[in-house]
2 protein chains.
Amino acid sequence: MSSKNLLAIVLIGMIIFSCKPSEEKNETVDLTTQHELIFPKGEKITNNNFIGDVWVHMQVRADSVNQNSVGTVTFDPGARSNWHSHPNGQIIMALDGVGYYQEKGSAKKMLHKGDVVKCPANLPHWHGASADKEFIQIAITSRVDGPTEWLEPVTDKEYLK
Amino acid sequence: MSSKNLLAIVLIGMIIFSCKPSEEKNETVDLTTQHELIFPKGEKITNNNFIGDVWVHMQVRADSVNQNSVGTVTFDPGARSNWHSHPNGQIIMALDGVGYYQEKGSAKKMLHKGDVVKCPANLPHWHGASADKEFIQIAITSRVDGPTEWLEPVTDKEYLK
């Protein structure tokens, strides 16, 4: 093979090589990574109000200046809150992954990135990740009429229904 | 030059070429792009309560279920709100870019990704982008005691001070 032919073949190889989508690039656009760049994952929750591994980063604590608390919550696959209710309701904003949300007496709903839920005051509900994918959400909770009321755990039967 | 030597040189070139950070990759990790994947930029604001180009995507409108409104606001460089106040205050969460925030009687502050501001009730303030960089923020505003009170525009002198 002449030097000229070899050069041509290798140059074509370089063009193909440079156009191949890199796996690193795909990792870079992963939404979890993107989200973590804005708000940290926070601390692992150690109380008994959750099943599975759940992290919370409290951005805003309710105080006399503002009665809303704001936190980012990350649920591992299969993790979920217990049933609970809020005296002033709650706003849930799905940032990433696939989540479940259920109000007492209604069917479970799936939540995806960009979905927003308004949970009415004093209505028992739970939220968490789907069985296969983690779920990251912002929770905005007014404390004007008091704190969250925690109820019983969500059974596997309820979770999987 | 022999075919072997040429091949070696070109292979080294391919390795160097493949390791060079691609500009496309840098664009991919741009936080604005990341943010827009979660919440849309929304509609351009056409009222007179802002100077410059400002977009808003209302995620949550205040209603009887929840008295908080939640919106994502994108300010072009140099764009800002007029002075205004909220009867129940406001929470501002900086998502991206570089922003300015000023309360009446205090010095202007710079805001960066992840910063959170609690603006007290009825205290005139303004927020917007820095002169050179856009600013993207979430605003959480309780409407329990009424809507935003809009005041005078922020002069160039105030903005640049």
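One can find the structure itself at the top, above this paragraph.
Keep in mind that what you see is a predicted model, and the values were worked out from it rather than measured.

Residue and element names in this part refer to chain B. Counted under the stated rule, the structure contains twelve aromatic pairs over all chains. Centre to centre, the rings of Y100 and W126 are 6.5 Å apart; their planes meet at 85 degrees, and the pair counts as edge-to-face. Of this pair, Y100 sits in strand β7 (residues 90–103) while W126 sits in strand β10 (residues 125–129), and the two are 26 residues apart along the sequence. We classify W126 as buried; its relative accessible area is 0%.

Tracing the backbone shows K133 of chain A in the loop between β10 (125–129) and β11 (135–142). Those residues within four positions of K133 of chain A in sequence are excluded, and the remaining contacts are P77 and V98 of chain A.

On to the pattern of salt bridges. Residue and element names in this part refer to chain A. Scanning the entire structure with this criterion turns up eight salt bridges over all chains. Two residues, D156 and R80, come together in a salt bridge whose shortest N-O distance is 2.7 Å. Residue D156 is found in helix α4 (residues 156–160), and its partner R80 is found in strand β5 (residues 80–81); the two are separated by 76 residues along the sequence. Residue classification places R80 among the buried residues on the basis of a relative accessible area of 4%.

Now for the pairing of strand β9 (residues 116–119) of chain A. Residue and element names in this part refer to chain A. Only one face of β9 is buried, namely the one carrying V117 and C119, since none of V116 and K118 on the opposite face is buried. Bridge count for strand β7 (residues 90–103) against β9 is four bridges, and the pairing is antiparallel. Following the sheet pairing, I92 is matched in β9 by V117.

Basis of the calculations
Residues numbered from 1 in each chain as written. Chains lettered and ligands numbered in written order. Predicted model: local features only at pLDDT ≥ 70, side-chain atom pairs only at ≥ 80, totals over all residues. Heavy atoms only, no water. Phe/Tyr/Trp six-rings, centres within 6.5 Å; stacked < 30°, edge-to-face > 60°. Helix = DSSP H or I, 4+ residues; strand = E, 2+ residues; numbered from the N terminus. Buried < 20%, exposed > 50% of the residue type's maximum accessible area, 1.4 Å probe, protein only. Contact = heavy atoms within 4.5 Å. Salt bridge = Lys/Arg side-chain N within 4 Å of Asp/Glu carboxyl O. Pairing = 2+ DSSP bridges.

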